[in-house]
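This is what each chain is made of:
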Amino acid sequence: MVMRLVMNSDTPSAIVNRLSISSIVLAIAGSFSCSLMVIANDGKKPKNTKGMLQPASVLHVAEGLNSDGSLVKHYQRGLRYATKYFGHYGPYYIYLLGPDSEKSVHTIYRQRAMSRVKLNSKLSTEQQIDSFLKRPNVASEIKAVLSGKSEGGLTWTQEPPILYEDVTTNAKQREKDPIENTWGALHEYHHVFQMAHCDTTQKRTSDKHINSWMAEGMATYSSAKFMENMGLVDFNGYMLQLRETGGNIGRPGINEFLAKTKGWRLENESYWDQGGSAQVYYMLGAWATAYLIHVQGVEEVVVLKSWYQDIPRIGKSAAFKKHMGLSLADFYKRFDVFIRQPDESVMKILED
Ligand SMILES: [Zn+2]
């Protein structure tokens, strides 16, 4: 998986994610593009606060992609697994884009603009659509699509209409790689679930928002574990790869990073700008998640899911202490000692 960005939001600093589908109620194939609308509906309402929603995910697929149906099929097997596990949050719009038809891409971006139209705005619908399409980040994203560049990631809105979007500008790569396609769908949907339980208008250091290692590390852990549950990857082998090579996240891996970097801290939010975000947030974050489950002995579903549900009510520090059984400060100290051990020692925690 190419490391997928966690945050682009509309308003200054933004977000992440993906959705689930339990039944296809409507499918529309236009002549210009193949647009699939998939509505998830299992009859259950999400328990959560903000961003809780109509259980709906909508896939937009640009013309020239998905000719044999495998692109959408491999994406959906991940999304289906993730929504079954986390519940339905949304609306969630998935954009799988490519450069073959400019007309199709423009049609899809217009639909994307329409999904964001505010009913109570002083601007007309047409004015709102125009203004979205003219945003510099949107205009440059369209350019990236048409030139076949890979960009994108999870986005969300911070004001009504609340929605989540997973944008892949060059889905041709996903199409060729069914494993990474499914893996990406799992990873991004964990972010949708996370962001639905955070106040994303706050900084990641805030008690109402989660740190980057929690977002990326837990999604890295969960997606690899779910891939193993689906029979698609070897989870323990993947966790070892994160130490030895960095696996599908990037280079270097944890061992080389730790040998060179003495003063790293999981909760330091500056690695996005200064480098090291792949190693600290994704790789060390995944191992921090493993520590909570396999050393601290917290149930997997509590670490990956339940504890988040208390964040809106009591904040992340109290929610962490309540569910993990130790304070964040104590956890950081213990994990630091643990992760410096050799591969053989840390790998032992994953046995049985
Ligand atoms: Zn991510």
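No experiment lies behind these values; they were computed from the predicted model shown.

Chemist: Any chance you could break down the overall build of the protein for me, citing the residues and the numbers?
Modeler: What the protein contains, in helices and strands, is 16 helices and seven strands. Taking as baseline every contact in the protein between residues at least 6 positions apart, the subset at least 24 positions apart corresponds to 69%.

Chemist: How would you explain the packing of helix 11 (residues 277-294) against helix 15 (residues 328-339) if you had to name every residue and give the values?
Modeler: Contact geometry for helix 11 and helix 15: axes closest at 11 Å, N-to-C directions at 105 degrees. Between helix 11 and helix 15, the angle falls in the class roughly perpendicular. Here helix 11 contributes Leu 284, Trp 287, Ala 288 and Tyr 291 to the contact with helix 15, which in turn contributes Phe 335, Phe 338 and Ile 339. Partitioned by chemical class, the residues of the contact of helix 11 with helix 15 number seven nonpolar, no polar and no charged.

Chemist: Before we move on, could you go through the environment of Tyr 93 and cite the residues and values that matter?
Modeler: Its place among the elements puts Tyr 93 in strand 5 (residues 92-96). A tally of 25 C-beta atoms within 10 Å means that Tyr 93 is categorised as buried. Non-local contacts of Tyr 93, meaning those with residues more than four positions away in its chain, are made with Val 58, His 60, Arg 112, Ser 115, Leu 163 and Glu 165.

Chemist: Could you give me a rundown of helix 6 (residues 178-195), with the residues and numbers involved?
Modeler: The end-to-end C-alpha separation of helix 6 is 26 Å, in line with the 26 Å expected for 18 residues at 1.5 Å each. Burial within helix 6 is extensive, with 15 of its 18 residues counted as buried.

Chemist: Mind laying out the nonpolar core, listing which residues take part and the relevant values?
Modeler: Leu 96, Met 283 and Trp 287 are the most contacted members of the largest nonpolar core, which has 79 residues in total. Two domains each put at least three residues into this core: domain 1 (5-195) and domain 2 (212-350). Not counting residues up to four positions away in its chain, the partners in contact with Trp 287 are Leu 242, Ile 254 and Ile 339.

Chemist: Could you give an account of helix 14 (residues 316-324), naming the residues involved and the relevant values?
Modeler: Every buried residue belonging to helix 14 is among Lys 316, Ala 319, Phe 320 and Met 324, and all of these are buried. Projected down its long axis, helix 14 shows its buried positions confined to an angular sector of 100 degrees, all on one face. Looking at the buried residues of helix 14, the elements they touch are helix 11, helix 13 (311-314) and helix 15. After helix 14 finishes, the residue Gly 325 shows a positive phi value of roughly 80 degrees.

Chemist: Give a detailed account of the pairing of strand 7 (residues 164-168), specifying residues and quantitative values.
Modeler: A regular strand places its side chains on the two faces of the sheet in alternate fashion. Burial within strand 7 is extensive, with five of its five residues counted as buried. The alternating pattern of strand 7 places Tyr 164, Asp 166 and Thr 168 and Glu 165 and Val 167 on opposite faces, both of which are buried. Looking at chain direction, strand 6 (residues 152-156) and strand 7 are connected through five bridges and run antiparallel. Within strand 7, the residue paired with Gly 153 across the bridge is Val 167.

Chemist: Describe the packing of helix 1 (residues 70-86) against helix 6, and please don't skip the residues or the numbers.
Modeler: Following both chains from N to C, one finds helix 1 and helix 6 inclined at 35 degrees, their axes separated by 8 Å at the closest point. Taken as a pair, helix 1 and helix 6 cross one another with a handedness that is right-handed. For the pair helix 1 and helix 6, contact is made by Ser 70, Leu 71, His 74, Tyr 75, Arg 77, Gly 78, Leu 79, Tyr 81, Ala 82, Thr 83 and Phe 86 and by Pro 178, Asn 181, Thr 182, Trp 183, Ala 185, Leu 186, Tyr 189, His 190 and Phe 193, respectively. Residues belonging to the contact of helix 1 with helix 6 are distributed by class as follows: twelve nonpolar, seven polar and one charged.

Chemist: Before we move on, could you go through the environment of Gln 111 and cite the residues and values that matter?
Modeler: Mapped onto the elements of the fold, Gln 111 is located in helix 2 (residues 102-115). Residue classification places Gln 111 among the partly exposed positions, given that 16 C-beta atoms sit within 10 Å. When the C-alpha atoms of Gln 111 and His 60 are compared, they prove to be 9.1 Å apart, with 51 residues separating the residues in sequence.

Chemist: Hey, could you go over the confidence of the model for the protein for me, with residue numbers and the actual values?
Modeler: Averaged over the protein, the pLDDT score is 87; the fraction of residues at 70 or greater is 84%. Confidence over residues 5-54 falls short of pLDDT 50; this stretch has 152 contacts with residues more than four positions distant or in other chains.

Chemist: For unusual backbone geometry, give the residues involved together with the corresponding values.
Modeler: Across the junction of Gly 90 and Pro 91, the peptide omega takes the value 0 degrees, indicating a cis bond. Relative to the helices and strands, Pro 91 is located in the loop between helix 1 and strand 5. Put simply, Arg 251 and Pro 252 share a cis peptide bond, and its omega is -5 degrees. Note on placement: Pro 252 falls in the loop between helix 8 (235-244) and helix 9 (254-260). Positive phi is not limited to glycine here, since Asn 66 has a value of about 60 degrees. Here Asn 66 falls in the buried class, since 20 other C-beta atoms lie within 10 Å of it.

Rules used throughout
Residues numbered from 1 in each chain as written. Predicted model: local features only at pLDDT ≥ 70, side-chain atom pairs only at ≥ 80, totals over all residues. Helix = DSSP H or I, 4+ residues; strand = E, 2+ residues; numbered from the N terminus. Contact = placed C-beta atoms within 7 Å. Axes fitted to C-alpha atoms, helices over the stretch in contact; angles between N-to-C directions. Parallel < 35°, antiparallel > 145°, perpendicular 65-115°, else oblique. Nonpolar A, V, L, I, M, F, W, Y, C, P; charged D, E, K, R; others polar. Buried ≥ 20, exposed ≤ 12 C-beta atoms within 10 Å, placed from the backbone. Expected span 1.5 Å × (residues − 1). Core = buried A, V, L, I, M, F, W, Y, C linked by C-beta atoms within 7 Å. Domains from an automatic or database assignment. Arc of directions from axis to C-beta. Pairing = 2+ DSSP bridges. Left-handed = near helix turned anticlockwise from the far one by under 90°. pLDDT = per-residue confidence, 0-100.

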